[in-house]
Amino acid sequence: MPKQDIVLATAVATAVATATMGVVANYPWVVSTQLGTNSFFVNNVLGTQECGHHATMQGPDKACMGVPCSCVPASATNSTLVPDVTLSGLCAADTANTCLGTRIPFEQALACTFLEGIIFILICATGLRAVIIRLFPKSVLMAGAAGIGVFIAFVGMKDSGFIAAAPFPTLVGLNTEWPYKHGGWGANDYHSCIGFNSCTMYFDGPPYSVVCPWLAVAGLLVTCALLVWNVNGAFIIGIFFTMFASWAKFPQKMSEGGLVPDKVVDVARFTTTAGALDFNWGANTGELIGALMMFLYLDLVGSSITFISLGQMAGVLNKKGDMPRSNIAFLSDAFGTTLGGLLGSSALTTYVESAAAMREGGRTGFTAVVCSVFFLASIALWPLFSSIP
């Protein structure tokens, strides 16, 4: 999926759903793509496959990075598929890059997301949502909020290279130069020599970008210190500190292999994903129905957990675990998912990170409206925002 389409779909769907949350439900909460659903959408539903759908060249050859590709038989007598590098002059015949695509076309996955949003709207409109949520004890939902926080922290430490896969039986440990290869760690014949003290551009596997564990931890420590000192905007300051430090470490432009954006302002436009829904699932029907049910489960339970925890923080939750206008807030959630699937993003839900805005003093829907305005502004500033590591 083109980065520009993903940024635009996320920005528009988030802005509309968040503005709805603020104006109609009057809660200071952002509605956007959540980490868990997004990870499931990318890794489990779309998947990765050599010579897959919408394939592009990926690997250490920077000149050949991201070039659209297809595969052809190696020869008239060898049916093994190899990248057809004749489609672009950017790729040499002996390029080390691999033609990687998705197992399932994103058009079918977006259709699955769109249907889940419609079903979620019906569940909320009929009042079935309230019945289902009352089946969960309040303590379970509160514990789920802590679980979401732990999951986000784990993913952040993994993607920053602070932790890595370790040999059995430890499985996960501090990155003291374990074989490091995103999505395929631990190969016996592979060792990248990337440890905690490393700071390098990594192109042998995803993220095909910077891996700098010590800088990630430094940014985290700066943010924690600002939080302890009760500095307003501590999270934003920490993000910008890490971004500017990464630019100083890799001062080249992104087109030249660095991290500095080639331009700051560029109005994004849909090229592929908007309205690209494919309901003709064919052999993928069973898998996509399973994905739809998982999307619905994550959306319903995840948003319920977030509502309970944020409602408790805002002081609007009663002893039964109910809060005013909750059904309207859930409808904003479901509407965002439907719009996201239509435009080109995974399911949207209320952000538990909205607690950061509440910590800064946000208590009404005006906070959400202001956030939606900034998301609309990101449509023009997407090269800058997409460069934040």
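As a reminder, the structure under discussion sits directly above these lines.
Everything numeric here is computed off the predicted structure, so don't read it as measured data.

**Concerning the side chain of Asp333**
Turning to its location among the elements, Asp333 is positioned in helix H9 (residues 326-343). Setting aside anything within four residues of it in sequence, one finds Asp333 in contact with Val31, Phe120, Asp299, Ser303, Phe307, Leu348, Thr349 and Thr350.

**Overview of the sheet that holds strand S6 (residues 98-102)**
If you walk across this open sheet you meet the 3 strands as S2-S6-S3, and the pairing is antiparallel. At either end of the open sheet lies a strand with only one pairing partner, and these are strand S2 (49-50) and strand S3 (53-58). Looking at chain direction, S2 and S6 are connected through 2 bridges and run antiparallel. Bridged to Gln49 within S6 is Gly101.

**Concerning the packing of aromatic side chains**
As enumerated under the stated definition, the model contains 8 aromatic pairs in all. Aromatic pair Trp29 and Phe307: ring centres 5.4 Å apart, planes at 50 degrees, arrangement tilted. Taken together, the residues Trp29 in the loop between helix H1 (3-25) and strand S1 (31-33) and Phe307 in helix H8 (residues 285-314) connect sequence positions 278 residues apart. Its relative accessible area of 0% is what places Trp29 among the buried residues. Their ring planes at 80 degrees and their centres at 6.3 Å tell us that Phe120 and Phe330 sit as a pair that is edge-to-face. Of this pair, Phe120 sits in helix H3 (residues 106-125) while Phe330 is found in helix H9, placing the two residues 210 residues apart along the sequence. For the pair Phe120 and Phe330, a shared accessibility class is recorded, and that class is buried.

Cut-off values and rules
- Residues numbered from 1 in each chain as written.
- Predicted model: local features only at pLDDT ≥ 70, side-chain atom pairs only at ≥ 80, totals over all residues.
- Heavy atoms only, no water.
- Helix = DSSP H or I, 4+ residues; strand = E, 2+ residues; numbered from the N terminus.
- Contact = heavy atoms within 4.5 Å.
- Pairing = 2+ DSSP bridges.
- Phe/Tyr/Trp six-rings, centres within 6.5 Å; stacked < 30°, edge-to-face > 60°.
- Buried < 20%, exposed > 50% of the residue type's maximum accessible area, 1.4 Å probe, protein only.

Honestly, that's just the spatial picture; any functional story needs more than this.
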